[in-house]
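Listed below, chain by chain, are the residues.
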Amino acid sequence: MSRRVVVTGLGMLSPLGIGVKKNWEAVCSGKSGIGLISKFEVHDDFPVKIAGEVHGFQPEDYIDHKEIKKMDTFIHYAVACGQMALEDAGFEITDANAERVGVLVGVGLCGLPAIEKYHKIYLDKGVKKITPFFIPMLIPNLASGQVSILLGAKGPNTCVATACATGTHAIGDAYHMIRDGVADVMIAGGTESVITPLAIGGFAAAKALSTRNDDPEGASRPFDKDRDGFVMGEGCGVVILEEIENAKRRGAKIYAEVGGYALNGDAHHITAPSPGGEGAARCMELALKSSKMNKEDISYINAHGTSTGADTTETAAIKKVFGDHAYKMAVSSTKSMTGHLLGAAGGVEAIYSVLAIHHGVIPPTINYTTPDPDCDLDYVPNQVREKKVTAALSNSFGFGGTNGVIIFKEMIG
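Residues numbered from 1 in each chain as written. Predicted model: local features only at pLDDT ≥ 70, side-chain atom pairs only at ≥ 80, totals over all residues. Heavy atoms only, no water.

1. Remarks on the overall build of the protein chain
Note the following rule: Each helix is a run of DSSP H or I of at least 4 residues and each strand a run of E of at least 2, with the numbering of both proceeding from the N terminus. We compute the radius of gyration over the C-alpha atoms and compare it with the globule rule, which gives 2.2 Å times the number of residues raised to the power 0.38. Each residue is assigned to one of three classes by its accessible area relative to the maximum for its type, calculated with a 1.4 Å probe on protein chains only: buried under 20%, partly exposed between the two thresholds, exposed over 50%. Working rule for contacts: check all heavy atoms of both residues, and any pair within 4.5 Å makes them a contact. His is not counted, nor are the chain ends, whereas Lys and Arg count as positive and Asp and Glu as negative. By convention, the charge on Lys lies at NZ, on Arg at CZ, on Asp at CG and on Glu at CD.
The number of helices and strands found in the protein chain is 13 helices and 15 strands. For 413 residues, the compact-globule estimate of 2.2 N^0.38 gives 22 Å, and the protein chain sits close to it at 20 Å. Dimensions of the protein chain, computed from C-alpha atoms along their principal axes, come out at roughly 65 × 55 × 40 Å. Burial analysis of the protein chain (413 residues in total) assigns 61% to the buried set. For the protein chain, long-range pairs separated by at least 24 residues make up 78% of all intrachain contacts whose partners lie at least 6 apart in sequence. Put simply, the protein chain has 39 plus and 47 minus side-chain charges, and the middle of one group is 3 Å from the middle of the other.

2. Some remarks on the pairing of strand β5 (residues 101-107)
What counts, and what does not: Note: two strands are recorded as paired if DSSP finds a minimum of 2 bridges between them.
Here β5 lies mainly inside the structure; 7 of its 7 residues are buried. Here β5 shows two buried faces, one formed by Val101, Val103, Val105 and Val107 and the other by Gly102, Leu104 and Gly106. Sheet topology note: the β5/strand β7 (residues 185-192) ladder contains 7 bridges and is parallel. Within the sheet, the bridge partner assigned to Gly106 lies in β7 and is Gly190.

3. Some words on the environment of Gly235
Tracing the backbone shows Gly235 in strand β8 (residues 235-243). Relative accessible area serves as the criterion here: at 0%, Gly235 is assigned to the buried category. Residues Gly235 and Pro15, 220 residues apart in the sequence, show an inter-C-alpha distance of 7.0 Å. Contacts of Gly235, omitting those with residues within four sequence positions, involve Leu13, Ser14, Val54, Tyr77, Gly190, Thr191, Glu192, Leu341 and Ala344.

4. What about a nonpolar patch on the surface?
Applicable threshold: Think of a patch as exposed residues, more than 30% relative accessible area, with no salt bridge, where like charges cluster within 9 Å and nonpolar side chains (Val, Leu, Ile, Met, Phe, Trp, Tyr) cluster within 5 Å. Surface exposure here means Shrake-Rupley accessible area, sampled with a 1.4 Å probe, where a residue is shielded only by the protein chains that are shown. In the sections that follow, a salt bridge refers to a side-chain nitrogen of Lys or Arg positioned within 4 Å of a carboxyl oxygen of Asp or Glu.
A contiguous nonpolar patch, built from Tyr122, Leu123 and Val127 and spanning about 320 Å² of accessible area, is present on the exposed surface. With respect to the secondary-structure elements, Tyr122 resides in helix α4 (residues 112-125).

5. So, the side chain of Thr196
Applicable threshold: Contacts described as polar in this section are N or O atom pairs within 3.5 Å, which, within protein, must combine one atom able to donate a hydrogen with one able to accept it, while residues neighboring in sequence count only if both atoms come from side chains.
The residue Thr196 is located in the loop between β7 and α8 (197-205) in this model. You can call Thr196 buried: its relative accessible area is 5%. Side chain to side chain, Thr196 and Glu116 meet in a polar contact 2.5 Å long. Among residues more than four places away in sequence, those in contact with Thr196 are Phe40, Leu112, Pro113 and Glu116.

6. Observations concerning the nonpolar core
Basically, it comes down to this: Among the buried residues, those of types Ala, Val, Leu, Ile, Met, Phe, Trp, Tyr and Cys that are joined through side-chain atoms within 4.5 Å form a nonpolar core.
With 48 residues, the main nonpolar core has Val7, Leu10, Leu241, Val258 and Phe408 as its most contacted residues. Among the elements that make up this core, the one with the highest residue count is helix α13 (residues 345-359) (9 residues). Here Val7 is in contact with Val239, Ile240, Leu241, Lys253, Ile254, Tyr255, Ala256, Val258, Val354 and Phe408, once residues within four sequence places are set aside. Among the nonpolar cores identified, the runner-up in size contains 35 residues, and Ala78, Phe91, Cys110 and Leu142 belong to it.

7. What about the pattern of salt bridges?
Across all of its chains, the model carries 20 salt bridges by this definition. Among the ionic pairs, Asp372 bridges to Arg227, the shortest N-O distance being 3.0 Å. Linking Asp372 in the loop between β12 (361-362) and β13 (385-386) with Arg227 in the loop between α8 and β8, this pair joins segments that are 145 residues apart in sequence. Residues Arg385 and Asp378 are paired through a salt bridge, measuring 2.6 Å at the closest nitrogen-oxygen approach. Judged by its relative accessible area of 27%, Arg385 is partly exposed. Taken together, the shared-partner salt bridges in this structure form one network comprising Arg3, Arg100 and Asp184.

8. Side note on the packing of aromatic side chains
Applied cut-off: When the centres of two rings from Phe, Tyr and Trp lie within 6.5 Å, Trp using its six-membered ring, the rings pair. Their planes under 30 degrees apart give stacked, over 60 give edge-to-face, and anything left gives tilted.
Scanning the entire structure with this criterion turns up 9 aromatic pairs. Where Tyr368 meets Tyr379, the ring centres are 5.8 Å apart and the plane angle is 50°; that geometry is what we call tilted. Within this pair, whereas Tyr368 is found in the loop between β12 and β13, its partner Tyr379 is found in the loop between β12 and β13, the two being separated by 11 residues in sequence. With a relative accessible area of 13%, Tyr368 lands in the buried category. On the basis of relative accessibility, which here comes to 1%, the residue Tyr379 falls in the buried class.

9. Examining the packing of helix α3 (residues 73-89) against helix α6 (residues 142-151)
Between two packed helices, what matters for the description is the angle formed by their axes and the separation of those axes. Worth spelling out the cut-off: Orientation is described by lines fitted to C-alpha atoms, with helices fitted over the stretch in contact, and by angles between N-to-C directions that extend from 0 to 180 degrees. Here the angle decides the label: under 35 degrees means roughly parallel, over 145 means roughly antiparallel, 65 to 115 means roughly perpendicular, and every other value means oblique. Two helices cross in a left-handed way if the nearer one is turned anticlockwise from the farther one by less than a right angle. They cross in a right-handed way if the turn is clockwise. Gly falls in the polar group here, along with every residue not listed as nonpolar (Ala, Val, Leu, Ile, Met, Phe, Trp, Tyr, Cys, Pro) or charged (Asp, Glu, Lys, Arg).
Here α3 crosses α6 at 45°, and the two axes come no closer than 9 Å. Taken together, the axes of α3 and α6 lie oblique to each other. Remark: the crossing between α3 and α6 carries right-handed chirality. On α6, the residues that touch Phe74, Ile75, Ala78, Val79, Gly82, Gln83 and Leu86 of α3 are Leu142, Ala143, Gln146, Val147, Leu150 and Leu151. Taken together, the residues of the contact of α3 with α6 sort by class into 10 nonpolar, 3 polar and no charged.

10. A closer look at the environment of Lys320
Turning to its location among the elements, Lys320 is positioned in helix α11 (residues 310-322). On a C-alpha basis, the gap between Lys320 and Asp88 in space is 38 Å, while along the polypeptide they are 232 residues apart. If we ignore the near neighbours within four places in the chain, the residues touching Lys320 are Glu278 and Ala281.

11. Quick word on the environment of Lys129
As for its position among the elements, Lys129 is in the loop between α4 and α5 (134-138). C-alpha of Lys129 to C-alpha of Tyr118: the two residues are 11 residues apart in sequence and 8.4 Å apart in space. Those residues in contact with Lys129 that lie beyond four places of it in its chain are Tyr118 and Ile121.

Okay, structure coming up:
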């Protein structure tokens, strides 16, 4: 069995705003969501003082007050975006269809805020002050679990946790479930909220983060020669995937079709990509093979593009796969505006890729001012571009050498 799968609903929040409309408007205007950290007190000894924070989110708008305290923020985000996506899809979960509706929302670092908070409470006040909800707050699969419980989805209920490839793997694995007949509808994506002292401190210790503290909005600059590290962000991106005939029967709005998906490993290093982007190139090749599309069919790549040295490796991988066509495609990194959302990145970037197809608009790479000779593709510098997009490829690569590539295309027929 091999069934076609389409995208019928979108839900997201990021440093650019709450909801798809605000996010898309911000991306198309080249707005940055990066600013000084406000989620915790940043002491003078912190080398990094900037991040992409979500502002204005109120969990009470989506979750009953008594349930909020049972969840860490990454779960709040997942529940909210799951509701947004279902509403956008115009899909109602009922007793008749609940067992065919599944949830697959992944997370990278999950409940780190709860761990830091309750460790301090334990040290200051003792073990009796630890909340009984502590463990459910931080377990990775509780994003999917709470979405399933609160929305009534009784089909597959699982998660993935593959670092910065999480969101792409979650959507891709959910696509496989529908394609293979395990479910008819999947609520899928990635979520993350770990702007905390330990997370920022840990990535800073690894020399992974930008220290452009005096210019937060200009700090995330993928493919630019003067990039100096990624900017941590937070947020969530969830899509509704649906078997195509199911979507047509109910007259659903269809944004795009899932064309192909692949995942693999570098088997090289815990943080560094394989030389020349060999693993990433293989993953893109596998995704193209699964899509049965020609390389020339791809109009746009939403790059992993983290604003680190790995941008050169991704560029090399794209050129290895696409050859001369690499110079004819648009390649942009929306992380230039959102920062790097870790486990949520693939979910949010899948939505931007789908919207590029839906609207015929390609998001820019902002802060691109000084070309890097080793990064010589068309990165859609600084200004949005109106152009028909027939197919978009979204890249996600994570620590541990894990890679994910998903392709979306116009639905025809």
